[in-house]
Amino acid sequence: MATELNKTKEIKARLNAIEQVRPMSTQSDAAMIHAVNQQMENVRREYQIKERESQLSASRVVLTA
Amino acid sequence: MNRIYCNKEELKDNLSRLLTEEFNIPNYLNAYDSQIEKYVTPLIDDITIFIESPYVDKVYRDSYYSYFSSKLGSYKRDCIRLSFFKGQIDLSGFESLDGVNVIQSRYLGFMVLRPTTSNMIGRSVISPRALKQNSFLCVSTQVHSTVNFVKLTADGFPHSSQDTETISCAETTLWAVMEYFGNRYAEYKPTLPSLITSALKKVSAERQVPSKGLNIQQMSYVLKEFGFGTKIYGRNQFGKSEFKRLFSTYIESGIPIIVAIDNRHNNGNIGHAILSVGHESTTLELIDELEPIGVSNELVKHKLLEKSINLFDNDDVNKKFVFIDDNMPSYCLANLESPALHYPNSNWHNCEITFFIVPLYPKIYLEAYEAKNFMQLVLVSAFDLKPNEDIFLRSYLTSSRSYKHELMLNATFDSTLKSLILESNMPKFIWVCEISTKDLIKNQLADGIILLDATEANTQNFKPLICASYMGSYISHNSVSGFFDRNNLILSPFSIFTNNLKGF
């Protein structure tokens, strides 16, 4: 006899039934995600500079010993 | 054919005689004392050795046919191989299946001696179990070999000394990386010195043999040609603290990294390539000594200050790292600040790590710097953190296959959340951040987790986030609504993942 082993469907249905699930779609959720986006944009710019400079500098270091 | 079985005390006499007979090395050169002894001394005393010659070593034969044989002088083409065993072995055991199983359980690896008189240590795979000092964690691979005509498997990290003509430290390091990945994963294959030279042919303006070393960019290029998505990190560019954290993150991920050490900025003339493959075990004292990280990100800093939270990073733990150095025996332990302090020549003592190269799987598009920043932002933004808490973060890369395997077997992980995470779609590699406290981590426990898709380099709108669970919330993406859902689910303390380095 076949047995379906999808517990996620069952758990989500149970959580929904007792109102323990909330979509992160409110204004404050959007503001939070927007703030993280802005910070990550800065992180990305910083990283790109550091990465490029690492590459350029690495070409001048010869390893022989 | 010579086959000699002896103990550690008898090795010198037997081997010295063979070196003279097989390699024509005159006795007055004291080859054993000057070159081999330092590799034998760190081995456990209760070790026996099987010496075989002539031995055809694929790596030396490649150097021999592509270089040494083209010289006027006469060079030998055969090697000597030493195989190591824990305690005494019953030689009649080689002739029965049960006996071979016993011998395999005592097998501690092999070391090849090349007829390159001044640099004899060739291809080696020695198990950390063969060492007197082995309280460290490191990655290893299984390499097939034969001893006394019987197939055995050595488990350790590949090592070789440079011959200084076909392979310098740079090529030796590249060879060891490929030997590790090629023997461990089907995606890669082991390489040979001449293939490393060939890979650089298109971008070299000068002849490559005799080798005069490689620059870091050339090493990165070779790894890229061999199928990796390499990344280079510079200490001056990323800053000392961040550089050390990134180094530690990749080691915690079980990825061997190529390390450039040099002292040219300290008026020296040394530039050397080594590998880092692990670290010493994390002790309770090391955790106690740990200081909170100085966060640079404005949003993270603000949120932590607002709630008087101290954030600790596992990558700041002041532990020693394990290095594979072609000038030294396998598995040297050293601090990141002084990686060559154990060298007998004091000229090396002011060497510092200036760069490292990470051979990443090519589809890991999200690298450590961005992933770690993103995980900190998710932690402080998406969860309602308790004031005055001490939070300890441990970040690493792993394959989703290994992570799910360990999670499935983890009896301490909440069963509801376990099912939700196991049944989540994941790419081949994921970033994991385990959220803990100093007290919990001392018992190797955590009470929160953030999982990221390592193939998602676009960090906008939480795109890399697979799921996160902390402070009574479980956040995961709802593919129907397109939003993330916050589920009220409590994750109790669970045992951390230790599969990358087989320990913490």
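### What about the overall build of chain B?
Okay, so step 1: Within chain B, the secondary structure is distributed over 15 helices and 24 strands.
Okay, so step 2: Since a compact globule built from 504 residues should have a radius of gyration of about 23 Å, the 25 Å found for chain B is in line with a globular shape.
Okay, so step 3: Across its three principal axes, chain B shows a C-alpha extent of roughly 75 × 55 × 40 Å.
Okay, so step 4: Relative to its 504 residues, chain B shows a buried fraction of 61%.

### Some words on the domain arrangement of chain B
Residues and elements named next belong to chain B.
Okay, so step 1: The assigned domain composition of chain B is domain 1 (2-155), domain 2 (224-360) and domain 3 (368-495).
Okay, so step 2: Across the contact, 12 residues belong to domain 1 and 15 residues belong to domain 2.
Okay, so step 3: Note on domain 1 versus domain 2: buried area summed over both sides is about 1100 Å², and carbon and sulfur give 64% of it.
Okay, so step 4: When the area that domain 1 buries against domain 2 is broken down by residue, the three leading residues are F136, L137 and V139, summing to 45%.
Okay, so step 5: In this structure, the connection of domain 1 to domain 2 is made through 0 salt bridges.
Okay, so step 6: Linking domain 1 with domain 2 are 4 residue pairs in polar contact (both at pLDDT 80 or more), by the criterion used here.
Okay, so step 7: Listed by contribution, the elements that provide at least two residues to the side of domain 1 that touches domain 2 are α2 (31-40) and β6 (136-138).
Okay, so step 8: Among the elements that take part in the side of domain 1 that touches domain 2, β6 stands out by supplying 3 residues, more than any other.
Okay, so step 9: Of the residues assigned to the side of domain 1 that touches domain 2, the class counts are 9 nonpolar, 2 polar and 1 charged.

### Digging into the packing of aromatic side chains
Okay, so step 1: Taken as a whole, this structure holds 34 aromatic pairs over all chains when the rule is applied.
Okay, so step 2: Relative to F238 of chain B, the ring of Y47 of chain A has its centre 6.1 Å away and its plane inclined at 50°; by these criteria the two rings are tilted. Of this pair, Y47 of chain A sits in helix α2 (residues 27-58) while F238 of chain B sits in helix α8 (residues 235-238), on two different chains.

### As for helix α9 (residues 240-252) of chain B
All names here are of chain B.
Okay, so step 1: Taking 1.5 Å as the rise per residue, α9 with 13 residues should run 18 Å; its terminal C-alpha atoms sit 18 Å apart, in good agreement.
Okay, so step 2: With respect to burial, α9 is a largely interior element, 10 of its 13 residues being buried.
Okay, so step 3: Looking at α9, one finds that the buried residues are F243, K244, R245, L246, F247, S248, T249, Y250, I251 and E252.
Okay, so step 4: Looking at the residues trailing α9, positive phi occurs at G254, about 75°.

### Overview of the layout of surface pockets
Okay, so step 1: Size it by volume and the largest pocket reaches roughly 790 Å³.
Okay, so step 2: Around the largest pocket sit 27 residues that line it, and R184, Y185, S399, S402 and F429 of chain B are the ones nearest its centre.
Okay, so step 3: Elements supplying a minimum of two residues to the lining of the largest pocket: α5 (169-184), β16 (352-360), β17 (390-399) and α13 (400-409) of chain B.
Okay, so step 4: Each pocket or cavity is described by its volume, and for the second largest pocket that value is around 540 Å³.
Okay, so step 5: Considering the residues around the second largest pocket, the lining is formed by 24 residues, among which K12 of chain A together with S424, N425, H477 and S479 of chain B are closest to the centre.
Okay, so step 6: Within the residue set of the lining of the second largest pocket, elements represented by two or more residues are α1 (7-17) of chain A together with β21 (465-470) and β22 (473-477) of chain B.
Okay, so step 7: Examining the composition of the lining of the second largest pocket, we find that 4 residues originate from one element, α1 of chain A, more than from any other.
Okay, so step 8: Of the residues contributing to the lining of the second largest pocket, the split by class is 9 nonpolar, 9 polar and 6 charged.

### Regarding the interface of chain A and chain B
Okay, so step 1: Taken together, the contact pairs 39 residues of chain A with 58 residues of chain B.
Okay, so step 2: Interface area for chain A against chain B, summed over the two sides, is near 4300 Å², with a carbon-plus-sulfur share of 57%.
Okay, so step 3: If you look at where chain A meets chain B, you find 21 residue pairs in polar contact (both at pLDDT 80 or more).
Okay, so step 4: Listing elements by their share of the side of chain A that touches chain B, those giving two or more residues are α1, β1 (21-23), α2 and β2 (62-63) of chain A.
Okay, so step 5: Sheet topology places β1 of chain A next to strand β23 (residues 484-488) of chain B; 3 bridges connect them, and they run antiparallel. Bridge assignment links R22 of chain A to a residue of β23 of chain B, and that residue is R486 of chain B.

Conventions used here
- Residues numbered from 1 in each chain as written.
- Chains lettered and ligands numbered in written order.
- Predicted model: local features only at pLDDT ≥ 70, side-chain atom pairs only at ≥ 80, totals over all residues.
- Heavy atoms only, no water.
- Helix = DSSP H or I, 4+ residues; strand = E, 2+ residues; numbered from the N terminus.
- Rg over C-alpha atoms; globule rule 2.2 N^0.38 Å.
- Buried < 20%, exposed > 50% of the residue type's maximum accessible area, 1.4 Å probe, protein only.
- Domains from an automatic or database assignment.
- Contact = heavy atoms within 4.5 Å.
- Buried area = accessible area lost by both parts, 1.4 Å probe.
- Salt bridge = Lys/Arg side-chain N within 4 Å of Asp/Glu carboxyl O.
- Polar contact = N/O pair within 3.5 Å; in protein donor to acceptor, adjacent residues only side chain to side chain.
- Nonpolar A, V, L, I, M, F, W, Y, C, P; charged D, E, K, R; others polar.
- Phe/Tyr/Trp six-rings, centres within 6.5 Å; stacked < 30°, edge-to-face > 60°.
- Expected span 1.5 Å × (residues − 1).
- 1 Å grid on protein atoms, 1.4 Å probe; cavity = no way out; pocket = protein on both sides within 12 Å on 5 of 7 lines; lining within 4 Å.
- Points joined across faces, edges and corners; volume = space filled by probe spheres on them.
- Pairing = 2+ DSSP bridges.

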